[in-house]
Structure formats: C-alpha cells, structure tokens
Amino acid sequence: MKKAKSNRKKRVKFNLSTPLRITLGVVVTLLIGILVFNSIYKSALNKLTPETSVLINIQKGESINQIVDEFNAKGMMKPGWIYKFYFKYTAKFENRFIAAGSFSIPSSITHYELIDRMVTGEFSAFRKITFPEGLTFEEIAQIAAKKGGVNEAEFLELCTSDSVLKAHKIDSKNIEGFLLPETYFFKFDATAKDIFNRLLFAAEDNWTTEMDSKAKAINMSKKQVLTLASIIEAETPSAKEYRKVSGVYHNRLRIGMPLQADPTVQYGLGMKKKLLRSDLKTPTPYNTYMTRGLPPTPINNPGKGAILAALEPEQHNFLYFVAVGGNRLEHNFAATFAEHKRNIQKYKVNKK
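Since we're looking at a predicted model, the values are computed, not measured. (Residues numbered from 1 in each chain as written. Predicted model: local features only at pLDDT ≥ 70, side-chain atom pairs only at ≥ 80, totals over all residues. Heavy atoms only, no water.)

*Asks:* Any chance you could break down a positive patch on the surface for me, citing the residues and the numbers?
*Replies:* Where like charges cluster on the molecular surface, the positive patch consists of Arg277, Lys281, Lys348 and Lys352. Along the chain, Lys281 turns up in the loop between α12 (262-269) and α13 (304-311). (Patch = residues over 30% accessible without salt bridge, like charges linked within 9 Å, V, L, I, M, F, W, Y side chains within 5 Å. Areas by Shrake-Rupley, 256 points an atom, 1.4 Å probe, with all protein chains shown as cover. Salt bridge = Lys/Arg side-chain N within 4 Å of Asp/Glu carboxyl O. Lys, Arg positive; Asp, Glu negative; His and termini not counted. Charge placed at Lys NZ, Arg CZ, Asp CG, Glu CD. Helix = DSSP H or I, 4+ residues; strand = E, 2+ residues; numbered from the N terminus.)

This is the structure in structure tokens:
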C-alpha cells in the first residue's frame, strides 16, 4: 500500500555565508552612521534658540547625559540623543572632554561652534571684580560678597585667622595692608577662600627681592613700608603726588616730627567722617597727632603705586601739605609752617 503524499511544501533553508553576513553588517552600520552623521550635521548648523547669552554651570563628576540635559533645558543641543552620542564618541576616540566649570554661551553661534568651543574651554566664564586701592579688608570683603557672590563672614574670618597670619608671617591681628587691590577675573564658582588667596598671593608676588632691598636701605620693614603706603594712599587721590607725599612723611620721620595724618586717626576711631578737633585729642595707637612715628599697622590695603612711592620718596624739604581746594585733587606743599598757613588760607578761599 502506497503512502499518501503530503500536501505540505518543504521549507527551503537559506543560509548566508559568513562573508555575506559581514558585508551586510558593514552596510547596515554605515547606513546608520550616515543617518546619524546627517542628523548631527543638520543640527550642528542650526543657530542656538536662546536670544541672549546663557550661563551654564557644569559640576565635577557630571555625566555626558547630565551635561546635555542641562543644555537641553536652556534650549540648546536638541535633539539630545545626537549630542550625547557625539560627546561620547569624541571622549572615547578623540580624548576630548567638556571640563567642569562655568560657561557663558553667546546666542549668535551655531551648534557646531558651540560643541567645538565647549571642549576647548573657550566659553569659560569669569567674573570681573575690581578692588580699588585704599580699601580696608572689611570693604574688600563687602565687594567680594556683592560682586563675587561669596560669603562675607567667611572672607572676614580668613582676614583675622591666626593660622593664616602665621602661615604668611604677618605680624598683625588681621590681614590689613597685605591684600593687593587690583582688577581680577574669577571663575563663577570661586569661593571666599579663592578670592582671598588670590589677593593675598598677588600681594606677596608684588613684593620682590629688589623691594626688600630698598626697604632695608631706608631702615624699614615690609610692614612699615605697607603702613606708610597705606597713609599715602589715603592722603591723596592723585597718583602723581604719591612720591611727593611720601617725601613729606619720610622727612617728618627723619626729624622725629609727628606724622599728623588725619586718616590714621579716623582708622583708630573706626570712622570715615570728617574729624573734629576733639577727635585729634582722643588717644589711640593710630593717633599720629599724639604719637610719633608710624602707626602699628597699615590702615588700608595700598596699591602698587603707593607701595613703590613709600620705598622711593621724592627728595625735597617739604614738611607740610594741604589740599588746593575747589574741584582740584592736588595739594600745595610747604617747607615752613608759615608757608603752610598761607596755603591753608588759599584752600579756604578755593573751598568757597
């Protein structure tokens, strides 16, 4: 008896050879790569959507996904998957990374410019902070807090820290006179300690071995030079007069005459207002009307010009000076008290 024929068709098994499978894999990979590259290229040419510059803060340890998500939240690097893929690729194969920090991104650029400059650090953002000459450390702390966004109390604590003063060989109860006023650029995430150290180290770098030799030549210590410089800084707003004012005080110190500097009296009394006659008779270590010689410490933080003037006084025989008056910033100088009294009368006339 013959078996009935089956109606089911035999399945034909199709086997790809290994070379063919590899070729197809390569083709598929290339196609995906082309599609991805095309998407990146089109997106990279797009202008940034924000109309104004944007500040981006990248913390240490953030992943690429987190970084791109932060940009996405600001309207940049969209679609996110493209840029996540791109940065992971460049990190692995080109060893290019986005560093932690603050970045100011302008609006008038393409995504291509953005991703290129992010890895070069070109968009790193900094705060510009100017500390004028002649400020006390308390006033510097206020500027650091207002302009730098740091904790004022933390800054002040560093200014009076015994360990800081000892480490930097500063024989004083605070840092007054040992911070250098200048215009600085700080990272947006700079701390109170970062700003404090920058001003302190800048002051130390400013004091050269040559300056140290000049101080010894006039029988003054670094602290005494800074103290005199702080008085010069407080006495005249004109840098052209620094050396002449310095000469007056050097002349007085040489003959043992009281410095009679109003700013030192004000500092000792903790005041900035105009002095009264009674204030000049109030005893403090900083009352240079009652005590001969320099006060015990600087009364502010002098700039480079005043420090140099303290080291290099103008050679003359003047012992007195008084403001010209009016809108002028200069002073009239005199060698005798009689001449000085005439200059005072000129001041009163000009003041009217």
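*Asks:* An account of a nonpolar patch on the surface is needed here, citing residue identities and associated values.
*Replies:* There is a patch of nonpolar side chains on the surface, built from Trp81, Phe85, Tyr89 and Phe93 and spanning about 480 Å² of accessible area. Note on placement: Phe85 falls in helix α3 (residues 80-93). Judged by its relative accessible area of 44%, Phe85 falls in the partly exposed class. (Buried < 20%, exposed > 50% of the residue type's maximum accessible area, 1.4 Å probe, protein only.)

*Asks:* Lay out the packing of aromatic side chains with the relevant residues and their values.
*Replies:* Between two aromatic rings, the relevant description is the distance of the centres plus the angle of the planes. Summed over all chains, the structure comprises 10 aromatic pairs. Pairwise contacts between aromatic rings join Tyr249, Phe318, Phe321 and Phe333 into one cluster. Across from the ring centre of Phe186, 5.3 Å away, lies the NZ or CZ of Arg198, which sits over that ring. Geometry around Phe333 places Lys244 over its ring, the cationic atom sitting 5.2 Å from the centre. (Phe/Tyr/Trp six-rings, centres within 6.5 Å; stacked < 30°, edge-to-face > 60°. Lys NZ or Arg CZ within 6 Å of the ring centre and 35° of its normal.)

*Asks:* For the pairing of strand β1 (residues 54-58), give the residues involved together with the corresponding values.
*Replies:* Alternating residues of β1 divide into Val54, Ile56 and Ile58, all buried, and Leu55 and Asn57, none buried. By the bridge criterion, 5 bridges tie β1 to strand β2 (residues 101-105) in an arrangement that is antiparallel. Bridge pairing links Val54 to Ile105 in β2. (Pairing = 2+ DSSP bridges.)

*Asks:* Lay out the environment of Pro258 in plain terms, naming residues and giving numbers.
*Replies:* Note on placement: Pro258 falls in the loop between α11 (242-255) and α12. Measuring from C-alpha to C-alpha, the distance between Pro258 and Leu294 comes to 8.8 Å, with 36 residues separating the pair along the chain. Contact partners of Pro258, with chain neighbours within four places excluded, come to Arg252, Thr288, Tyr289 and Arg292. (Contact = heavy atoms within 4.5 Å.)

*Asks:* Give a description of the pattern of salt bridges that names residues and reports values.
*Replies:* For the structure shown, the criterion picks out 6 salt bridges. Where Glu182 meets Lys304, a salt bridge forms, and the shortest distance between an N and an O atom there is 3.2 Å. Pair noted here: Glu182 is in the loop between α7 (162-167) and β4 (183-187) and Lys304 is in helix α13, with a separation of 122 residues, a long-range link. Given a relative accessible area of 43%, Lys304 falls into the partly exposed group. Note that Lys216 is salt-bridged to Asp212, the shortest N-O span being 3.7 Å. Residue Lys216 and its partner Asp212 are located together in helix α9 (residues 209-217), separated by 4 residues, close to a single helical turn. Owing to a relative accessible area of 58%, Lys216 belongs among the exposed residues under this scheme.

*Asks:* Please set out the nonpolar core residue by residue, giving values where relevant.
*Replies:* Counting residues in each nonpolar core, the largest one holds 54 residues, and the members touching the most others are Phe131, Phe155, Ile175, Ile195 and Phe196. With 7 residues, the single largest contributor to this core is helix α8 (residues 192-206). For Ile175, the contacting residues outside a window of four places in its chain are Phe137, Cys159, Leu165, Ile170, Phe196, Leu200 and Asn301. If you look at the next biggest cluster of nonpolar residues, it comprises 20 residues, including Met76, Ile115, Met118 and Val119. (Core = buried A, V, L, I, M, F, W, Y, C linked by side-chain atoms within 4.5 Å.)

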